[in-house]
Amino acid sequence: MSVSPYSGLPQRAFWRGGVSGVGALDLPEVYHPRFALTPETRVFTAGSCFAQHVGAAMKRAGLRVIDTEPALRGMPPETAKRFGYGTYAARFGNIYTVRQFRQLVEEMLGLFTPALPVWEKSGRYWDALRPGVEPEGLASPEQVMEMRAQNLIALARAVQDAEVMVFTLGLTEAWEHRATGTVYPTAPGTIAGAYDPDTFVFRNHGVAEILEDFTAVEEMLAEINPDLKWLLTVSPVPLAATATDDHVLTATMRSKAVLRVVCDMLKDSSDRIDYFPSYELVMSPAHPTGAFAEDLRSVRPEVVDGIMGLFLAAHGLADRPEGKQAETPDPEDEAICEDVLLDAFRP
Amino acid sequence: MTRRIAVVGTSNIGALKYAAGSIALDHPGLSVTFWGLPGGKFAECATDPGGVFQPLPGDTETRKLAQRINGADHLDLTRFDATLVIADTMGLPSVLFVAGNYDVIDWPPRRGKPLLSEPGFRAAMDEAIAARADDLARQFRGVAPLYLARAPYPTTVVTRRGKLRLEPFASVAGHPEAARIELLYTEALSRALAERKMAFVAQPQDTIAAPFLTRPEFGKDAMDFRAAGRVLDDHRHMNAAFGASLFRAFALALGPDMTGAAPTPARQE
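It should be emphasised that the depicted structure is a prediction, and the values quoted were computed from it without experimental measurement.

Novice: Hey, could you go over the sheet that holds strand S8 (residues 200-204) of chain A for me, with residue numbers and the actual values?
Specialist: Sheet strands pair by backbone hydrogen bonding; their relative direction is either parallel or antiparallel. All names here are of chain A. Taking strand neighbours across the sheet as the criterion, the three strands line up as S7-S6-S8 in an open arrangement whose pairing is antiparallel. If you trace the sheet from one side to the other, it starts and ends with strand S7 (183-184) and S8, each paired once. Note that strand S6 (residues 173-177) and S8 share five bridges and pair antiparallel. The partner of Trp175 across the bridge, within S8, is Phe202.

Novice: Can you tell me about helix H5 (residues 141-161) of chain A, naming the residues and giving the values?
Specialist: With 21 residues, H5 of chain A ought to run about 30 Å at 1.5 Å a step, and its terminal C-alpha atoms sit 30 Å apart, in line with that. Among all positions of H5 of chain A, only Gln143, Val144, Met147, Arg148, Gln150, Asn151, Leu152, Ala154, Leu155, Ala158 and Val159 of chain A are buried. Check the buried side of H5 of chain A and you find it contacts strand S1 (42-47), helix H4 (98-108), strand S3 (118-121), strand S4 (124-127) and helix H6 (207-224) of chain A together with strand S8 (115-116) of chain B.

Novice: Describe helix H2 (residues 50-60) of chain A, and please don't skip the residues or the numbers.
Specialist: All names here are of chain A. A large share of H2 lies buried, amounting to 10 of its 11 residues. For H2, the full list of buried residues reads Phe50, Ala51, Gln52, His53, Val54, Gly55, Ala56, Ala57, Met58 and Lys59. Its buried side turned inward, H2 meets S1, strand S2 (64-65), strand S5 (164-169), helix H8 (278-283) and helix H9 (301-314). At the exit of H2 stands Gly62, carrying a positive phi of roughly 90 degrees.

Novice: Outline the interface of chain A and chain B, supporting the account with residue identities and numerical values.
Specialist: One frequent convention defines the size of an interface as the accessible area lost when the parts assemble. Facing the 23 residues of chain A at the interface are 19 residues of chain B. Interface of chain A and chain B: buried area, both sides summed, is about 1,700 Å²; carbon and sulfur atoms make up 58% of it. In terms of surface lost to chain B, no three residues of chain A exceed Leu72, Arg73 and Glu146 of chain A, which account for 28% of the buried area on that side. The tally of links between chain A and chain B comes to one salt bridge. The partner of Glu146 of chain A in a salt bridge is Arg110 of chain B, with the nearest N and O atoms 2.8 Å apart. Class assignment for the residues of the side of chain A that touches chain B results in 11 nonpolar, five polar and seven charged.

Novice: Any details on the UniProt feature "domain: GSCFA" (unreviewed entry) in chain A? Residues and values, ideally.
Specialist: Mapped onto this numbering, the UniProt entry annotates "domain: GSCFA" (unreviewed entry) at residues 42-311 of chain A. From the first C-alpha to the last, residues 42-311 of chain A spans 17 Å; its make-up is 39% helix and 16% strand.

Novice: I'd like a description of the pattern of salt bridges, backed by residues and values.
Specialist: This structure, assessed with the given rule, holds 38 salt bridges over all chains. When the shortest N-O distance is used, the salt bridge between Glu280 of chain A and Arg260 of chain A registers 2.4 Å. In this pair, Glu280 of chain A sits in helix H8 while Arg260 of chain A sits in helix H7 (residues 248-269), placing the two residues 20 residues apart along the sequence. Between Glu118 of chain B and Arg122 of chain B there is a salt bridge, and its shortest N-O distance comes to 2.9 Å. Of this pair, Glu118 of chain B and Arg122 of chain B both sit in helix H6 (residues 118-139), four residues apart, roughly one helical turn. For Glu118 of chain B, a relative accessible area of 15% corresponds to the buried category. Taken together, the shared-partner salt bridges in this structure form one network comprising Arg99, Arg102, Glu106, Glu176, Arg203, Glu212 and Asp213 of chain A.

Novice: Requested: an account of the side chain of Glu176 of chain A, with residues and values cited.
Specialist: Residue and element names in this part refer to chain A. Within the secondary structure, Glu176 is located in strand S6. Judged by relative accessible area, which is 7%, Glu176 ranks as buried. Side chain to side chain, Glu176 and Arg203 meet in a polar contact 3.0 Å long. Not counting the four nearest positions on each side in its chain, Glu176 is found in contact with Arg99, Gly181, Thr182, Val183, Tyr184, Thr199, Phe200, Val201, Arg203 and His205.

Novice: Explain the nonpolar core to me, using residue names and the numbers behind them.
Specialist: Core analysis: the biggest nonpolar cluster contains 84 residues, and Val7, Leu77, Leu84, Val85, Met90, Phe121 and Phe140 of chain B have the highest contact counts within it. Looking at this core element by element, the count peaks at eight residues for H6 of chain B. Once you skip the residues sitting within four places of it in the chain, Leu84 of chain B turns out to touch Ala6, Val7, Val8, Leu16, Tyr147, Leu148, Ala149, Val201 and Phe250 of chain B. One finds Leu152, Met165, Met220 and Leu259 of chain A within the second-largest nonpolar core, a separate group that totals 41 residues.

Cut-off values and rules
- Residues numbered from 1 in each chain as written.
- Chains lettered and ligands numbered in written order.
- Predicted model: local features only at pLDDT ≥ 70, side-chain atom pairs only at ≥ 80, totals over all residues.
- Heavy atoms only, no water.
- Pairing = 2+ DSSP bridges.
- Helix = DSSP H or I, 4+ residues; strand = E, 2+ residues; numbered from the N terminus.
- Expected span 1.5 Å × (residues − 1).
- Buried < 20%, exposed > 50% of the residue type's maximum accessible area, 1.4 Å probe, protein only.
- Contact = heavy atoms within 4.5 Å.
- Buried area = accessible area lost by both parts, 1.4 Å probe.
- Salt bridge = Lys/Arg side-chain N within 4 Å of Asp/Glu carboxyl O.
- Nonpolar A, V, L, I, M, F, W, Y, C, P; charged D, E, K, R; others polar.
- UniProt positions renumbered as here; feature names shortened; annotations may be inferred.
- Polar contact = N/O pair within 3.5 Å; in protein donor to acceptor, adjacent residues only side chain to side chain.
- Core = buried A, V, L, I, M, F, W, Y, C linked by side-chain atoms within 4.5 Å.

Okay, here's the thing in structure tokens:
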């Protein structure tokens, strides 16, 4: 019998038996953690709206998920969620692009001042950098800035406390302030503000820019917290809309491909960076009825649960540690994503 | 024509029950029946399709308790012209905890607490109230007209620590925005109840010492609703003078068509 370099490779190396013929999420070999997460690990979560599922699963598993702006006693759960409490390490909202994360960290360090940080609509004012956390806006621009200052202090505490940053990369497309380069999580005019092509410009970040942004973030945070590790994942949630000339399907694939390449390059560059394949697990063709809900955008809750179960099992955390107060999964739990509002602009 | 009134509720019906004599004098056109159970047991009761308010089917222990306290293990609410429910705290402790834990950014005082927007505060308040209002709407489905009074504020005697500890009411006493919060809460509760076809009967102003706190004399000699003569003095349950005052407020809400006469002036207790 002839010898092939594929001879003797494990089952996971072959599509047949590795993907086809096994359950869509019955893939224990798909992820080998580069470093361990234990119930004592202090985890900082951030990223696009899929990151909300990641953080929630970690909380349910009893990990020490950092929350420096928690909902305090008396705050009912629906209100807490709607106003961005308990979602991420601080109340900074969804971070869709690595550039957005970079400028947030720079702002926290006093190295950056965002342009046009307050957007107005119908006499109310929104924080342009986290418009989703105050769904009804605030009464004045001064209030927005006072709240923002509080958030930056909380962010600094979270960063100092973190051992592992779990960051979900979501988008490459962003709207930028033409004169200063400030990027925003939503397009002007979506939640608040107004779109003026002389003021704002569309950007679709590429691999090199994202790598540069990530490296900048990593270096800044390493100054504060030298032992910090990173766990990256790519959101499988497709774009709600694209501002490129491409079809939204190809724009989505381009965006995710770029982010996926970035993750691989970053993982290869440092032992402190790991990657978990959320994207691949959702996009796998092995899901018998598809991984998405009817809108073909939201990942079905049972798929999210399966993926996060796989992640936790790889860390030996599938079962709740004794004595830890774990949260009960909420079957109605849906991530809050501002970008879905773009759907309202369909023809 | 005598109108029949049902007063049902938690242990807080004691204040009205022991005011039955003065209520009868103040409102001769009303015949009042009282029916109550301790809070947890009361919360399990519901109105059946025939309009009978009663404990859970098969809960013989609670039925026995209801029989012992009220002389009947159920109350047919279809026999009454109006029903007044003396409920629990209707989400107020949650509201007060939020008020105590945050500085609402729209209001001037800064106490060094985390900031919360007023829409956030209102949403928290609405959610806390809605949960209880929904429960009551389920409990009293089909009963009309339905009036609701919340449990009385505790008296000014309650403290943050010790035997009469009652957070968060004690701590809200010094809140610089307590009056505003009380107004917002009262409006929100009234609105939530109206949306569920219930009318809110607010705690009478003459009983209130400060926002969310009752004048201490109304907590003195309050008796256990289950047994006359057993004095509580816990400053969470109120006495007959309070009950008479609350019933006057209820009678005003009923209106002269129901009470048969203009409300009489407050009697000297």
